[in-house]
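Chain residues, written in single-letter form:
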Amino acid sequence: MVPTGVLFDIDDTLVDLASAMTRALGGSLLEVLPPGALASLGLGSGVPAADGAGLSAHDAEARRRWLAFSEHFVQDVTGAYDDYLTGRLDFRSMRILRLHRAAEPLGLRVDDELALRWVLRFAQLAETGVTPFPDVLPVLDLLDAHGIPYGAVSNNVEAFQRAKLGYAGLSRITVVVGTDTLGVTKPDPAIFHEGARRLAVPPAECWYVGDNPVVDHDGAVAAGLKGVYLDRGIPGSGSSGNSPVPGFVRPAGKRLTIRSLSEVPALLGLNDPARESLSVGDAV
């Protein structure tokens, strides 16, 4: 029998990075911003939830400002992460730029000294505050039970992502390929092929699941893997890395789409009575 394997994206596929970043954003700003700026974002009484919950009814304007600010930052509306991937920004500068760009529409200004203090604290909170989505461990348990190898391919550096998986309680994922592993990023076929090679699985028999329709699904399919687009319905999920990639041609056809990792067993033909129905769609 030809072996099969599964590769996953990490951020917002395995770990809930968006929620961790929102919490870290509020927590780090509490430590560096002056009281007036904190009050204007609704942070005077602590960190609100990602949806603004925790702000009282009379703080409607503060809630609006917090949501606009945090969503702009977390969703990377202006594509700063793409500039990082292409080498135009280093990682720290990318995060500071996202902070400035999120603050500008609200008329807030964070000076350079505060921004540097902020980015150091934000990094600590964001990296250590990640948690896995509820559907992750059951899928990994099932793959282990069937002897199916799995790993991760990410558009971030390998050691950084290994540490993140550790903080999320996912150190059992030992195969990790990052942007520095071969010096290329998704959707370059080489990064997908390296993941499959480390699983000892032919690319044509290897599944790749990720939340970015372009660099994850389309990149994997173009590389000869079985690409799966994970659409969790999270606003902004998979937004980074959607800029046009020079030389990359999107494969024709519909995207194979799932809404939860609990649907992965059905793709592999495993007998999982709790699996959800598979959806195929997202014609583009």
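Scroll up to find the structure this text is about.
A word on the side chain of Asp16
Item 1. Mapped onto the elements, Asp16 comes out in the loop between strand E1 (5–8) and helix H1 (17–32).
Item 2. One polar contact links Asp16 to Ser19, side chain to side chain, over a distance of 2.8 Å.
Item 3. With residues up to four places along the chain from it excluded, the contact list for Asp16 reads Thr131 and Phe133.

Thoughts on the packing of aromatic side chains
Item 1. If you walk through the whole model with that rule in mind, you get eight aromatic pairs.
Item 2. With a centroid separation of 5.7 Å and an interplanar angle of 85 degrees, the aromatic rings of Phe73 and Trp118 are classed as edge-to-face. Here Phe73, found in helix H3 (residues 60–74), pairs with Trp118, found in helix H6 (residues 112–128); they are 45 residues apart in sequence, far enough to count as distant.
Item 3. Residue class for Phe73 comes out buried when judged on its relative accessible area of 0%.
Item 4. By relative accessible area, which is 0% here, Trp118 ends up buried.
Item 5. Summarising the aromatic geometry, the rings of Trp118 and Phe122 are spaced 5.0 Å apart at their centres and angled 25 degrees between planes, so their arrangement reads as stacked. Of this pair, Trp118 and Phe122 both sit in helix H6, four residues apart, roughly one helical turn.

What about the pattern of salt bridges?
Item 1. Inspection of the entire model under this criterion finds 18 salt bridges.
Item 2. Here Asp76 ties to Arg98 by a salt bridge, and the two come within 3.8 Å at their closest N and O atoms. Here Arg98 lies in helix H5 (residues 91–103) and Asp76 lies in the loop between H3 and helix H4 (80–85), a separation of 22 residues in the sequence. Like Arg98, Asp76 is buried.
Item 3. Asp135 is the salt-bridge partner of Arg232, the closest N and O atoms lying 2.9 Å from each other. Residue Arg232 is found in the loop between strand E5 (226–230) and strand E6 (255–258), and its partner Asp135 is found in the loop between H6 and helix H7 (136–145); the two are separated by 97 residues along the sequence.
Item 4. Given a relative accessible area of 11%, Asp135 falls into the buried group.
Item 5. In this structure, a network of salt bridges that share partners links the residues Glu158, Arg162, Glu194, Arg197 and Arg198.

Observations concerning unusual backbone geometry
Item 1. In this chain, Lys186 is followed by Pro187 through a cis amide linkage whose omega measures 20 degrees.
Item 2. Of note, Pro187 is situated in the loop between helix H9 (179–182) and helix H10 (189–199).
Item 3. Its identity as a non-glycine residue notwithstanding, Asp12 has a phi of 65 degrees, on the positive side.
Item 4. Its relative accessible area of 11% is what places Asp12 among the buried residues.

Some details on the environment of Tyr167
Item 1. The residue Tyr167 is located in helix H8 (residues 158–167) in this model.
Item 2. Classification of Tyr167 as partly exposed rests on a relative accessible area of 47%.
Item 3. Taking the C-alpha atoms as reference points, Tyr167 and Thr131, 36 residues apart in sequence, are found 7.6 Å from one another.
Item 4. Contact partners of Tyr167, with chain neighbours within four places excluded, come to Glu127, Thr128 and Val130.

Observations regarding the packing of H1 against H6
Item 1. One way to put it is that H1 packs onto H6 with a least axis distance of 8 Å and a crossing angle of 140 degrees. Overall, the two elements H1 and H6 adopt an arrangement that is oblique. Of the two elements, H1 crosses H6, and the hand of that crossing is right-handed. Residues Ala20, Met21, Ala24, Leu25, Gly27, Ser28, Leu29, Glu31 and Val32 of H1 pack against Leu114, Arg117, Trp118, Arg121, Phe122, Leu125 and Ala126 of H6.
Item 2. Class assignment for the residues of the contact of H1 with H6 results in eleven nonpolar, two polar and three charged.

Each value, and the rule that gives it
Residues numbered from 1 in each chain as written. Predicted model: local features only at pLDDT ≥ 70, side-chain atom pairs only at ≥ 80, totals over all residues. Heavy atoms only, no water. Helix = DSSP H or I, 4+ residues; strand = E, 2+ residues; numbered from the N terminus. Polar contact = N/O pair within 3.5 Å; in protein donor to acceptor, adjacent residues only side chain to side chain. Contact = heavy atoms within 4.5 Å. Phe/Tyr/Trp six-rings, centres within 6.5 Å; stacked < 30°, edge-to-face > 60°. Buried < 20%, exposed > 50% of the residue type's maximum accessible area, 1.4 Å probe, protein only. Salt bridge = Lys/Arg side-chain N within 4 Å of Asp/Glu carboxyl O. Axes fitted to C-alpha atoms, helices over the stretch in contact; angles between N-to-C directions. Parallel < 35°, antiparallel > 145°, perpendicular 65-115°, else oblique. Left-handed = near helix turned anticlockwise from the far one by under 90°. Nonpolar A, V, L, I, M, F, W, Y, C, P; charged D, E, K, R; others polar.

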